[in-house]
Amino acid sequence: MRRLIALIGMFVVVAAAQAPWEQQKKPAGPWMDKSLSPDRRAELVLAQMTLDEKVSLVHGLGWGAIFGDPDHPTRSLGGAGFIPGVRRLGIPDLQMADSAVGVARGAVYGRYSTPLPSGVAEASTWDLKIAREFGGLIGRELRDQGYTMSLGGGVDLTREPRNGRNFEYKGEDPILAGHIVGAEIRSLQEQGVIGDIKHYAMNDQENGRTFVNIKASKRAMRETDLLAFEIGIRESGVG
């Protein structure tokens, strides 16, 4: 229940990003009162939701709904994730896009994004100002394209040089990586987009990533990947 309330709270925060909805008559329930906290508003709207609506928010519609087809029309913008909102209650769609180094897949839909250097190149500057500019640009372009959530903020540490996702991450040092990703996400969220920090800790290779078993002691994890995540979360307030 707490996780569902938190998720609905995220929808409440980004409701203003749904421009087409502003042209429609909005519900007048108490959860629309912006003077209340997101958690309280989520609690109030949750009480009005059907079971199917609750399930849809935590489940989403899968990849088919993201790309759409004639038999299954969708409001998705074609990003890497889409969770339909509940229009009768004023809960907006959650539109997610891969955006570790710029908003992905835009050109297919006639939208264009700025391609940025890799996360490793970003971290190699040791410059928090550049990290903020990096995140701010991504946040603005997400917002301009109608997205409400980033799927970026990669901070798994580099262990395997052949890892296909090293370009998303911030190198080998957990302290440097944490500070860089923290500044990046904070600036991104200042553009009115929900930030993301990923992937799950110790996700350091693509080969066999759906079944590989990584074994590490608690101390080793606290001093490496988890430290980078801790710093990044603390300094960004990531949604």
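Every value quoted in this text rests on a predicted model; they were computed, and no experiment measured them. (Residues numbered from 1 in each chain as written. Predicted model: local features only at pLDDT ≥ 70, side-chain atom pairs only at ≥ 80, totals over all residues. Heavy atoms only, no water.)

Some points on the overall build of the protein chain
The secondary structure content of the protein chain amounts to nine helices and three strands. Secondary structure elements in the protein chain, listed N-terminal to C-terminal, are α-α-α-α-β-β-α-α-β-α-α-α. Per-residue burial for the protein chain yields a buried fraction of 48% across its 239 residues. For the protein chain, contacts bridging at least 24 residues in sequence account for 70% of all contacts bridging at least 6. Split by element, the accessible area of the protein chain, about 12800 Å² in all, is 56% carbon and sulfur. (Helix = DSSP H or I, 4+ residues; strand = E, 2+ residues; numbered from the N terminus. Buried < 20%, exposed > 50% of the residue type's maximum accessible area, 1.4 Å probe, protein only. Contact = heavy atoms within 4.5 Å. Areas by Shrake-Rupley, 256 points an atom, 1.4 Å probe, with all protein chains shown as cover.)

Notes on the sheet that holds strand 1 (residues 81-83)
Across the sheet, which stays open at both edges, the three strands sit in the order 1-2-3 with mixed pairing between neighbours. Unpaired on one side and paired on the other, strand 1 and strand 3 (149-151) mark the two borders of the sheet. When the angles between neighbouring strand axes are averaged without regard to direction, this sheet yields 20 degrees. Note that strand 2 (residues 94-98) and strand 3 share three bridges and pair parallel. Looking at strand 3, one finds that Asp 98 is bridged to Leu 151. (Pairing = 2+ DSSP bridges. Axes fitted to C-alpha atoms, helices over the stretch in contact; angles between N-to-C directions.)

A short note on the confidence of the model for the protein chain
Looking at the protein chain as a whole, the pLDDT averages 87, with 83% of positions reaching at least 70. In this model, residues 16-23 is a region of pLDDT below 50 whose contacts with residues beyond four sequence positions or in other chains number 14 contacts. (pLDDT = per-residue confidence, 0-100.)

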